[in-house]
Amino acid sequence: MISKDELQIATKTLGRDFTETELRMIEALWSEHCSYKSSKRWFYLFKTTADNVALGVGEGAGLFDIGGGYYAGVSMDSHNHPSQIDPYNGAGSGIGGTIRNVISQGCKAVGLMNCLRFGHPQKPKNALSLSNAVRGISDYGNSVGIPMVGGEMEFDESFEDNCLVNIVCIGCVKSENVVRSIARTPGHHIVIFGSKTGCDGVGGVIFASNVISDSKDWSTSAIQIGDSLAEKVLIDTLTELLEEHLIDGLQDIGGGGLAAAAGDLAHSGGTGVEIELDKVPTRGVVNPSDIIISESQERMLAIIAPTNMDRVKTLLEKNDTPYAVIGKVTDDGYYTAKYEGEIIAKLPISLLVDGVLIPERVEGKIPSQTDSLSWFKEPDDYGSAIMNLISSVNICDRSWIYSQYDQHVQSNTVVDIGQNAGVLEFPNGRLLAFTSDCNSFWCKLDPQVGTANSAAESLRNIVSMGARPIFIANCLNFGSPEKPDSYAQFVESVRGLGRFSHDFNIPIIGGNVSLYNEALVDGQNRRINPSPQIMLAGIFKEKFSPIKRNLVTPWANIFLVGETFPELNGSEFQRVIVGEVKGEPPKYRPNWEKKTMDAILESHDRGLIRSCNNVGRGGIAIALMKMALRSEYGFKLNMEYIPGTVNSLAQSLFSETSSRYLAEVTESNQPEFLSILEKHELATCELGLTTLEPTADFGRFTIPLEKAKMEFSDGLGKYLG
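What counts as what
- Residues numbered from 1 in each chain as written.
- Predicted model: local features only at pLDDT ≥ 70, side-chain atom pairs only at ≥ 80, totals over all residues.
- Heavy atoms only, no water.
- Helix = DSSP H or I, 4+ residues; strand = E, 2+ residues; numbered from the N terminus.
- Rg over C-alpha atoms; globule rule 2.2 N^0.38 Å.
- Buried < 20%, exposed > 50% of the residue type's maximum accessible area, 1.4 Å probe, protein only.
- Contact = heavy atoms within 4.5 Å.
- Lys, Arg positive; Asp, Glu negative; His and termini not counted.
- Charge placed at Lys NZ, Arg CZ, Asp CG, Glu CD.
- Domains from an automatic or database assignment.
- 1 Å grid on protein atoms, 1.4 Å probe; cavity = no way out; pocket = protein on both sides within 12 Å on 5 of 7 lines; lining within 4 Å.
- Points joined across faces, edges and corners; volume = space filled by probe spheres on them.
- Nonpolar A, V, L, I, M, F, W, Y, C, P; charged D, E, K, R; others polar.
- Salt bridge = Lys/Arg side-chain N within 4 Å of Asp/Glu carboxyl O.
- Patch = residues over 30% accessible without salt bridge, like charges linked within 9 Å, V, L, I, M, F, W, Y side chains within 5 Å.
- Areas by Shrake-Rupley, 256 points an atom, 1.4 Å probe, with all protein chains shown as cover.
- Expected span 1.5 Å × (residues − 1).
- Polar contact = N/O pair within 3.5 Å; in protein donor to acceptor, adjacent residues only side chain to side chain.
- Axes fitted to C-alpha atoms, helices over the stretch in contact; angles between N-to-C directions.
- Parallel < 35°, antiparallel > 145°, perpendicular 65-115°, else oblique.
- Left-handed = near helix turned anticlockwise from the far one by under 90°.
- Pairing = 2+ DSSP bridges.
- Phe/Tyr/Trp six-rings, centres within 6.5 Å; stacked < 30°, edge-to-face > 60°.
- Lys NZ or Arg CZ within 6 Å of the ring centre and 35° of its normal.

S.K.: Quick rundown of the overall build of the protein chain? Include the residues and the values.
M.R.: Along its length, the protein chain carries 23 helices and 29 strands. The C-alpha atoms of the protein chain give a radius of gyration of 26 Å, which matches the 27 Å a tight globule of 721 residues would have. By principal-axis analysis of the C-alpha atoms, the protein chain measures approximately 85 × 55 × 45 Å. Residues counted as buried form 64% of the 721 residues belonging to the protein chain. Long-range contacts, defined as pairs at least 24 residues apart, comprise 85% of the intrachain contacts of the protein chain with a sequence gap of at least 6. One finds the centroid of the 64 positive side-chain charges in the protein chain at a distance of 2 Å from the centroid of its 89 negative side-chain charges.

This is the structure in structure tokens:
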């Protein structure tokens with residue numbers, strides 16, 4: 001809801017009282033979800049420009065020049081609150097909205113990713129919520145014919161009452177076919193097309209800008225109901241309109257409804273708009289104030305030149321797409337809304353879109369952490385410890401989830417889900433890799449370091465496959481900005497991501513901020529772990545085949561690249577063994593990260609590495625197991641010498657020190673590989689050999705891979721069925 005101070009400022013600026021419709025428009029566009037009023041002051045910390053950035057943050061999707069006259073597009077968005085209340089429709093409509101963000105720039109949507117966070121699935125209600133969300137994503141994404149190419153999953157009790165559903169859509173567009181979200185020419189028509197406007201989603205952005213409370217029922221008013229078949233018709237229709245270059249400006253009707261979509265178009269173009277609400281095709285909506293802020297799905301708003309109007313109508317009617325000419329672009333700088341000839345709202349665009357009062361926010365202090373390992377003790381049984389980790393819900397096989405997604409529709413998917421990154425082939429023949437990461441446990445302990453290291457893990461996933469990182473998108477999920485401790489988590493996280501983007505010279509070209517991810521349950525406030533979800537894209541050199549993490553050659557050597565330190569605080573080992581995460585998480589080491597990145601990429605360029613894996617959650621032990629679990633081969637190791645300062649086998653196995661890779665290198669390639677590491681001044685060791693026997697031999701103990709595969713594959717299935 002709009003605050004008393006905001007209302008006073010707005011009324012004073014306007015010079016009169018608001019009408020009912022005007023007040024609801026202001027409430028929607030001045031909500032946290034639309035205005036970014038608590039977060040946008042910090043975006044200057046991000047690196048957002050680079051030579052190849054064709055369109056940066058600010059419109060439906062960011063665009064990056066990948067050569068040959070093509071741009072890659074990306075949008076990353078959240079649908080957290082709706083997915084908590086109605087997981088099926090919330091997650092499904094989140095897919096739809098993110099797709100429309102991408103196609104609003106003229107792109108063809110070519111790939112999807114989903115990043116999910118839920119409470120532990122051992123509780124039936126959490127398992128049911130996750131199952132319904134996955135089904136919503138699957139039903140929607142499969143129906144519209146866009147492949148799912150990757151994602152991420154994390155479980156923690158902090159997400160039990162406020163799950164996170166973050167969606168990525170990847171697009172592709174020829175440079176000459178880009179459409180902007182701008183209304184620049186007075187006299188042009190404003191056309192709405194797609195589904196009819198209903199009562200669903202009324203007040204959605206206000207709902208998303210408040211703490212979820214068990215005392216209020218949002219289920220019938222604020223949750224959008226998706227329709228994937230209508231989205232498919234919308235996409236096909238829009239494709240025809242774009243192919244004939246009939247659209248002058250385009251905007252998805254999402255958060256804030258028509259109020260936001262038309263307002264943003266006018267604001268970007270320095271113009272005004274006049275909307276006739278009684279001409280909007282509706283289904284069951286009679287209140288004009290509801291029509292203007294409804295967030296019903298599968299709708300677009302287009303700016304059409306008068307000379308193109310007849311052809312646009314012909315195509316819309318040919319495809320049986322509901323549409324209406326509902327207004328025009330003006331030159332007066334006002335958003336004028338009429339209903340049955342009467343003006344019911346007339347607001348300056350500058351006030352509506354950009355006039356929000358920037359609130360005072362107090363940045364609290366992040367509690368300091370200790371690097372003490374007083375909790376740590378060597379396991380009695382190393383094999384059992386590894387089996388417990390590979391079957392834990394934050395490491396185990398996710399195929400129960402991604403097997404429900406169509407990964408190969410459109411025939412441009414190069415690598416199946418389950419590798420370090422998804423890979424798509426673009427029309428210019430270039431392969432691009434996409435991955436997303438966030439370790440919310442690290443971010444809870446130290447938001448700045450945890451965020452930077454989460455981004456670094458995304459980077460290593462891309463690099464391990466042989467791709468060079470090119471751009472970032474993000475979805476920043478946090479609690480209430482009105483609480484100093486929560487706001488401090490957000491600000492420190494932004495500092496961490498900004499630092500990473502500058503350290504590696506990788507531009508951030510798209511993103512979203514989702515705040516108020518807290519729930520008031522039985523009078524108690526429950527906040528999520530800070531979760532800055534970071535998507536990173538990379539591009540492969542021409543004619544390079546992506547390197548997978550599966551072991552591929554018997555009797556090859558396995559090298560560990562990088563030093564290992566006793567950094568087990570915040571680790572999955574600590575969480576599984578102790579039952580909590582605490583202490584100072586692994587340090588962010590950008591200089592070492594750059595060195596290892598450059599060395600691995602150079603080795604890939606020379607064709608020296610057969611398989612490669614990032615050392616991340618679970619440490620060396622889990623990274624090695626993942627290389628073997630989907631392979632025909634095993635390995636035999638000698639763990640006596642690990643570069644760094646670890647002083648026990650468990651520390652060597654489970655430390656989550658950053659900047660490390662595992663590389664499978666045949667004997668003939670070893671001299672050249674080692675010379676590259678020496679040139680980059682990197683510590684390394686030969687851990688051991690790949691073997692024909694399906695056994696994980698760690699030297700002091702062994703694990704049968706068949707048994708490990710069963711534990712790994714059943715980690716989620718035993719809860720989800």
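S.K.: Explain the domain arrangement of the protein chain to me, using residue names and the numbers behind them.
M.R.: Annotation of the protein chain at the domain level lists domain 1 (1-30 + 179-356), domain 2 (62-172 + 422-518 + 525-540) and domain 3 (371-396 + 547-721). Here domain 1 and domain 3 have C-alpha centroids that lie 51 Å from each other.

S.K.: Any details on the layout of surface pockets? Residues and values, ideally.
M.R.: If you add up the space inside the second largest pocket, you get close to 530 Å³. Of all the secondary-structure elements, those providing two or more residues to the lining of the second largest pocket are β4 (108-118), β6 (164-174) and α8 (228-243). At six residues, α8 tops the list of elements feeding residues into the lining of the second largest pocket. A breakdown of the residues in the lining of the second largest pocket according to their chemical character gives 14 nonpolar, six polar and five charged. There are two domains that each give the lining of the second largest pocket at least three residues, and those are domain 1 (1-30 + 179-356) and domain 2 (62-172 + 422-518 + 525-540).

S.K.: Give a description of the environment of Tyr 719 that names residues and reports values.
M.R.: Along the chain, Tyr 719 turns up in helix α23 (residues 705-720). The exposure class assigned to Tyr 719 is partly exposed, which follows from its relative accessible area of 28%. Between the C-alpha atoms of Tyr 719 and His 120, which are 599 residues apart in sequence, the distance is 9.4 Å. What Tyr 719 contacts, discounting residues up to four positions off in sequence, is His 120, Pro 121, Gln 122, Ala 127 and Val 393.

S.K.: Tell me about the pattern of salt bridges, residues and numbers included.
M.R.: Applying the stated criterion across every chain, the model contains 41 salt bridges. With a shortest N-O distance of 3.6 Å, Lys 582 and Glu 580 are connected by a salt bridge. Of the residues examined, Lys 582 reaches a relative accessible area of 32% and is grouped as partly exposed. Taken together, the salt bridges that share partners define one network made up of Arg 117, Glu 152, Glu 154, Glu 572, Arg 575 and Arg 617.

S.K.: Can you tell me about a nonpolar patch on the surface, naming the residues and giving the values?
M.R.: Together, Trp 555, Leu 689 and Leu 692 line one region of the surface with nonpolar side chains, adding up to about 300 Å² of accessible area. Counting through the fold element by element, Leu 689 comes out in strand β27 (residues 684-691). Owing to a relative accessible area of 32%, Leu 689 belongs among the partly exposed residues under this scheme.

S.K.: So, empty space enclosed by the protein: which residues are in play, and what are the values?
M.R.: Going through the model one piece at a time under the given rule, you end up with three cavities of 30 Å³ or more. The calculated volume of the largest cavity comes to roughly 780 Å³. Surrounding the largest cavity, 41 residues form its lining, Gly 151, Glu 152, Arg 398, Gln 419 and Lys 626 being those nearest its centre. A total of five residues in the lining of the largest cavity trace back to one element, the largest contributor, which is strand β5 (residues 148-155). For the lining of the largest cavity, the residue count by class is 16 nonpolar, 16 polar and nine charged. For the lining of the largest cavity, the two domains that each supply at least three residues are domain 2 (62-172 + 422-518 + 525-540) and domain 3 (371-396 + 547-721).

S.K.: Explain α8 residue by residue, including any values.
M.R.: Spanning 16 residues, α8 covers 22 Å between terminal C-alpha atoms, matching the ideal 22 Å at 1.5 Å per step. Turning to α8, its buried residues number three or more, namely Ser 228, Glu 231, Leu 234, Ile 235, Thr 237, Leu 238, Glu 240, Leu 241 and Leu 242. Summarising the contacts, the buried residues of α8 are in contact with α5 (87-103), α6 (124-144), β7 (189-194), β9 (249-252), β11 (299-304) and α11 (309-318). For α8, the capping residue at the N-terminal end is Asp 227, with a side-chain oxygen 3.2 Å from the backbone nitrogen of Leu 229. Among the residues trailing α8, His 245 stands out with phi positive, at a value near 55°.

S.K.: Hey, could you go over the packing of helix α16 (residues 447-464) against helix α17 (residues 484-503) for me, with residue numbers and the actual values?
M.R.: The description of two helices packed together rests on the angle between their axes and the distance between the axes. Between α16 and α17, the least distance of the axes is 7 Å, while the angle of their chain directions is 40°. Regarding the angle of α16 to α17, the classification is oblique. For the pair α16 and α17, the crossing hand works out as right-handed. Across from Pro 447, Gln 448, Thr 451, Ala 452, Ala 455, Ala 456 and Leu 459 in α16, the residues of α17 making contact are Gln 489, Glu 492, Ser 493, Arg 495, Gly 496, Leu 497, Arg 499 and Phe 500.

S.K.: Break down the sheet that holds strand β16 (residues 422-425) for me, with residues and values.
M.R.: Reading across from one edge, β15-β16-β17-β22-β18-β19 is the order of the six strands in this open sheet, with mixed pairing throughout. Where the open sheet ends on each side, the last strands, each with one partner, are β15 (413-415) and β19 (508-514). Between one strand axis and the next, the sheet turns by 25° as a mean value, whatever way the strands run. Across the sheet, α17 is in contact with β18 (468-477), β19 and β22 (531-539); its angle to β18 comes to roughly 175°.

S.K.: Describe the packing of aromatic side chains, naming the residues involved and giving the relevant values.
M.R.: Enumeration over the complete set of coordinates arrives at 17 aromatic pairs. Ring centres of Tyr 487 and Phe 490 lie 6.3 Å apart, and the angle between their planes is 25°; this geometry places the pair in the stacked category. Of this pair, Tyr 487 and Phe 490 both sit in helix α17, three residues apart, which is roughly one turn of that helix. Residues Tyr 487 and Phe 490 agree in their burial class; the two are buried. Each ring, one from Phe 500 and one from Phe 504, has its centre 4.8 Å from the other, and the planes form 35°; the classification is tilted. These aromatic residues form a ring-pair network of at least three members: Trp 375, Phe 376, Phe 573 and Phe 654. The ring of Tyr 334 carries the charged tip of Lys 346 above its face, separated from the ring centre by 5.4 Å. Residue placement shows Lys 594 over the ring face of Phe 504; its charged tip is 5.9 Å from the ring centre.

S.K.: Please give an account of the packing of α6 against α8 that cites residues and values.
M.R.: Remark: α6 packs on α8, axes separated minimally by 8 Å, with the N-to-C direction vectors making an angle of 30°. By the criterion of interaxial angle, the relationship of α6 to α8 is roughly parallel. Where α6 crosses over α8, the handedness of that crossing is right-handed. Where α6 approaches α8, its residues Asp 139, Tyr 140, Ser 143 and Val 144 are matched on the opposing element by Ser 228, Glu 231, Lys 232 and Ile 235. Each residue belonging to the contact of α6 with α8 can be placed in one class, and the counts come to three nonpolar, two polar and three charged.

S.K.: Tell me about the sheet that holds strand β2 (residues 62-67), and name the residues and values.
M.R.: Sheet architecture is open: six strands sit in the order β1-β2-β3-β6-β4-β5, paired in mixed fashion. Whereas interior strands pair on both sides, the edge strands pair on one side only; in this sheet they are β1 (53-55) and β5. Going from strand to strand, the sheet's axes swing by 25° on average, the running direction of each strand aside. Pairing of β2 with strand β3 (residues 70-78) involves five bridges; the strand directions are antiparallel. The partner of Asp 65 across the bridge, within β3, is Tyr 71.

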